Amino acid sequence: MRLCFLSSSRYPRNTSQLRMTCGVVGCLILASSVITADAAEMAQQPGSLSASSSATCFQQPASVWAFGVLLLLSCFLFVYLARKLRLERIAHLNLRNEVAENERHFRFIAENSADVIWTMDLASRRLTYISPSIQILRGFTPDEMMQQTMADWMTPDSAVRIESALNDAIRRWNSGDHQDTKRIVAIEQPHKDGHLLHTEIVTTLHANDQGELVSVLGVTRDISERKATEEMMHNLAFYDALTRLPNRRLLHDRLQQAIIAANRDHQKMALLFIDLDHFKPINDQHGHQTGDWLLKMVARRMLNCVRESDTVARMGGDEFVVLLAGPIDEKQVLPIAEKIHTRLHQSFETSDGTQLQIASCIGIAFYPEHGKTPKQLLKHGDQAMYQAKESGRNQIQIFTSALEHPEQERRTDTSHQLIHLNWKNDYASGVPELDAEHRYLFELANDLLNTALEPEHSLDSFEHSLESLLQHISEHFDHEESLLAAVGYPQLAAHRIEHQRLLRQAATLHEAAVLNELPFAKLLEYVVQEVILNHMLKHDRMYFAYLNDSAGTTDLAS
C-alpha cells in the first residue's frame, strides 16, 4: 500500500528563476567574449597599431575593468547557480526520504496492527487492499481475501446490516451531507476453520477529485471478548445464575409486555406463584451441592409442563413464578398448575441413588380480575401461595379478595434477591481475615444490586447500600495493603495503584448516584466486572500463593 503524505510543491523548484539566472550568466559570458573578439579584431586590422601597441591599447583601464567585472559577475552567478541546484537536489532527496519513511511508518502500522485495515472499491464491492492481520483474525491470507466478495466476509444477516449502513451513508452524501460518512456496524464473520467471530467494522467513504464516491476505508476489530463480557453482564442482570431461568427483573419486563398485549387484545393471562415444600431440610441434610442440583431439576420439570411461549422464572431461594401469557382461561390454567404440582411431588433420584421428596404450594392470580399491574399480580399470586402454605401445604390456591391483607408483610430474606453472587470455596486465599472481608464484599454487592433492581426502591436506601459497599472496599484495600506490606509482597506497588484506580472509579460512581444519574449497567460493571471478576478473582489471586508460602502467613491467619 503506497501512501504519499507529502507533495513536491512543498519545495518549489522555481525554474523561472533558474532560467533567468542562466540567461544572465550566458549574456555576461557572451559580452566578455565580444570584448575579447573586438580586441583581437583591432589587433589584426591593416594599419593598426603593432602587437605591442595593440596590447597596450587592450590594457586600457576601461576595457580591463569592463572585462574583469563581467568575468567576476559570471563567476558569482555560476557559483550561485551551482549552489542553488545543489540545495534543490538536497531538498528533493530529503523529500523522497521523508515520503519513504512515511510509507515505511504507515506500512508498519497497517501490517502490525491487531485491527484489520482494508480498502474496498465501492462500485464492485471488491477489496483493493487488506492488511496481513486478517490472517490472525480470520485465518485467511490477504491474497485469499482479495478473491472474496463482500458477501463472503460475513453471515447473511451481517451482510444486510453492513449494506444498509453503506447505502445510508451514500444516500446522505448524495443529499449534500459530506461530513457524516462514518459508520460503525457489529457483524459476525466466519473464521477459516468454520467458527464465527464477533467483529466491529468502522467504514468511511472516500471521493475522488471530482467529488464522486469511489472507495471505502474500513477497520475491522475483534470484539469477541467484549461480547462475552456483555453477555455475562446481561445474564447476571436478567437470568438466575444457578437454574439459567429468567430472574425477577426479566420476569417483570415480560409480565409488563404480556399485560400490554392482553389489554390490547382483551384477553386473560395468569400468574402461578410456586414455593417448594420440604426443600430446606434436604438442603440442610444433604448439603448445598445437592440442593443446587435439586433446584435445577425442579426448573427442568416445570419447563416441561408449560408452553414455549410461557415464562418460568426463579424469584430466589425455592420460589418460582410461571407466567402463562394470553390468550388463556381458567380451564387451561388449572390443568397446568396441577401438572406442575404433580411433577414436583414425584421423587427426584440423585446420581448415587438417593431419593429426594418435595412438594409445592401454588398460588394463582388472573389478569385482569386479580390485578392490572405487575406489582398487583405478583402480590396477589404471592398471597394466594402463602395462603396455600398456611392451609396445610402441598396445595393449589386461586386468589380471592378475602386473602388480601394490606397489613401483612412478607418475610424478607436473600431468597427474594434478583441477583445473587455466590461465594465459592475456591475463591478463598487461605487467610481467614481476607476471606471474611471478601465474603462480606459479596453480601454487600448482592444487597446493593438488588436494591438498585427493585422498581420502587428509595433513593436513600440505594445510597446507603452504595456507601456501605464503597466504604468496605476502601477499608478492605487498606487492610489488604498492610498485610501484603508485612510479608514484603514484591508486587505491592502495582497492587496499590490498582486499588487507587478502583477507588477513583468508586468516587465517580458515588457522584453520579448523588445526582441520580448512575445507570444500573455502570454499577453492575463496576461491582461485578471490575471489583469481583477483574480485581478480586484475578489480581488478588496473584498473591495467594505468596501469602501461603511466606513465613508471615501463620501470623496473618492467626
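Heads up: these notes are all about the structure in this document. (Residues numbered from 1 in each chain as written. Predicted model: local features only at pLDDT ≥ 70, side-chain atom pairs only at ≥ 80, totals over all residues. Heavy atoms only, no water.)

Some words on the packing of helix α7 (residues 224–238) against helix α16 (residues 520–539)
Test applied: Lines are fitted to the C-alpha atoms to define the axes, a helix being fitted only along its stretch in contact, and any angle between axes, read from their N-to-C directions, falls within 0 to 180 degrees. Numbering goes from the N terminus for both helices and strands, where a helix is a DSSP run of H or I of at least four residues and a strand is a run of E of at least two. Working definition: roughly parallel below 35 degrees, roughly antiparallel above 145 degrees, roughly perpendicular at 65 to 115 degrees, and oblique for all remaining angles. Each crossing is labelled by how the near helix is turned from the far one, with a counterclockwise turn of less than a right angle marking it left-handed and a clockwise turn marking it right-handed. By the convention used here, residues are in contact when the closest approach between their heavy atoms is within 4.5 Å. Throughout this entry, Asp, Glu, Lys and Arg are counted as charged residues, while Ala, Val, Leu, Ile, Met, Phe, Trp, Tyr, Cys and Pro are counted as nonpolar. The remaining residues, Gly among them, count as polar.
At their nearest, the axes of α7 and α16 sit 11 Å apart, and the two run at 110° to each other. When the axis of α7 is compared with that of α16, the two are roughly perpendicular. For the pair α7 and α16, the sense of crossing is right-handed. The residues of α16 that touch α7, namely those facing T229, M232, M233, L236 and A237, are F520, A521, L524, E525, V528, Q529 and L533. Partitioning the contact of α7 with α16 into residue classes produces nine nonpolar, two polar and one charged.

Details of empty space enclosed by the protein
Counted only if it meets this: Lining residues are those with an atom within 4 Å of a point, where the points come from a 1 Å grid over the protein atoms alone and group into cavities, where a 1.4 Å probe fits but cannot get out, or pockets, open sets with protein on both sides within 12 Å along at least five of seven lines. Grid points are joined across faces, edges and corners, and a volume is the space filled by probe spheres set on the points.
Under the defined criterion, the tally for this structure stands at one cavity of 30 Å³ or more. There is about 70 Å³ of room inside the largest cavity. If you trace the largest cavity, you find it lined by V116, W118, L127, I130, I134, L137, R138, M145, W153, Q189, I201 and T220. Sorting the residues of the lining of the largest cavity by element identifies β1 (116–121), β2 (126–130) and α4 (134–138) as the ones contributing at least two each. No other element matches the three residues that α4 contributes to the lining of the largest cavity. Looking at the lining of the largest cavity residue by residue, the class counts come to nine nonpolar, two polar and one charged.

Observations concerning the sheet that holds strand β12 (residues 396–398)
Inclusion rule: Only when DSSP finds a minimum of two bridges between them are two strands counted as paired.
The strand order β7-β8-β6-β11-β12 describes an open sheet built from five strands, whose pairing is mixed. Edge strands, defined here as strands with exactly one partner in the open sheet, are β7 (311–316) and β12. For this sheet the average axis-to-axis angle between neighbouring strands, irrespective of direction, equals 20°. When strand β6 (residues 269–277) meets strand β8 (residues 319–324), the two strands line up antiparallel, connected through six bridges. Pairing of F273 across the sheet is with V321, part of β8. Contacting β6, β8, β11 (359–367) and β12, helix α12 (residues 374–390) crosses the sheet at an angle of about 145° to β11.

Details of the environment of I136
If you trace the backbone, I136 turns up in helix α4. Linking I136 and D115, residues 21 residues apart in sequence, is a C-alpha distance of 9.7 Å.

A look at the side chain of S131
Just so we agree on the cut-off: Burial classes follow relative accessibility: with a 1.4 Å probe on protein chains only, a residue under 20% of its type's maximum area counts as buried, one over 50% as exposed, and anything between as partly exposed. What qualifies as a polar contact is a pair of N or O atoms within 3.5 Å, subject to a donor-acceptor requirement within protein and to the restriction that residues adjacent in sequence count only when both atoms come from side chains.
In this structure, S131 sits in the loop between β2 and α4. On the accessibility criterion, S131 (0% relative accessible area) is buried. Here S133 takes part through its side chain, which lies 3.0 Å from a polar atom of the side chain of S131.

A closer look at unusual backbone geometry
Among all residues except glycine, the phi angle is most often negative; among peptide bonds, the trans geometry is most common. A cis amide bond links Y367 to the next residue, P368, at an omega of 10°. When you line up the elements, P368 lands in the loop between β11 and α12. A positive phi angle, close to 55°, is found at R125, a residue other than glycine. By relative accessible area, R125 is classed as buried at 18%. Its identity is not glycine, yet R244 carries a phi of approximately 65°, on the positive side. Along the chain, R244 turns up in the loop between α7 and α8 (248–265). Owing to a relative accessible area of 45%, R244 belongs among the partly exposed residues under this scheme.

Remarks on the nonpolar core
Rule in force here: As used here, the term nonpolar core means buried Ala, Val, Leu, Ile, Met, Phe, Trp, Tyr and Cys residues forming a set that is joined through side-chain atoms within 4.5 Å.
The biggest cluster of nonpolar side chains holds 37 residues, and the ones touching the most others in it are L523, Y526 and V527. For this core, the secondary structure elements donating two or more residues are α7, α13 (432–453), α14 (459–486), α15 (492–514) and α16. Broken down by element, this core gets its largest block of residues, ten residues, from α16. When neighbours within four sequence positions are excluded, L523 is seen to be in contact with L448, L449, A452, F462, L466 and L518.

Considering the packing of α15 against α16
Contact pair α15 / α16: the axes reach a minimum separation of 11 Å and the direction vectors enclose 170°. By the criterion of interaxial angle, the relationship of α15 to α16 is roughly antiparallel. Residues H495, E498, H499, R501, L502, Q505, A506 and L509 of α15 pack against K522, Y526, E530, N534, H535 and H539 of α16. Looking at the contact of α15 with α16 residue by residue, the class counts come to four nonpolar, six polar and four charged.

Points about the environment of P368
Classification of P368 by relative accessible area gives partly exposed; the value is 34%. C-alpha separation for the pair P368 and I259, spaced 109 residues apart in sequence, amounts to 8.6 Å.

Some words on the pattern of salt bridges
This is how the line gets drawn: What makes a salt bridge here is a side-chain nitrogen of Lys or Arg within 4 Å of a carboxyl oxygen of Asp or Glu, nothing more.
Under the counting rule described, the total for this entry stands at 20 salt bridges. Residue D180 pairs with R172 through a salt bridge whose shortest N-O separation is 3.0 Å. Exposure remark for R172: the relative accessible area of 29% places this residue in the partly exposed category. Ionic pairing is found between R496 and E481, a salt bridge with its closest N-O pair at 3.2 Å. Here R496 is found in helix α15, whereas its partner E481 is found in helix α14, with 15 residues between them in sequence. Each of D168, R171, R172, D177, D180 and R183 takes part in a single network of salt bridges with overlapping partners.

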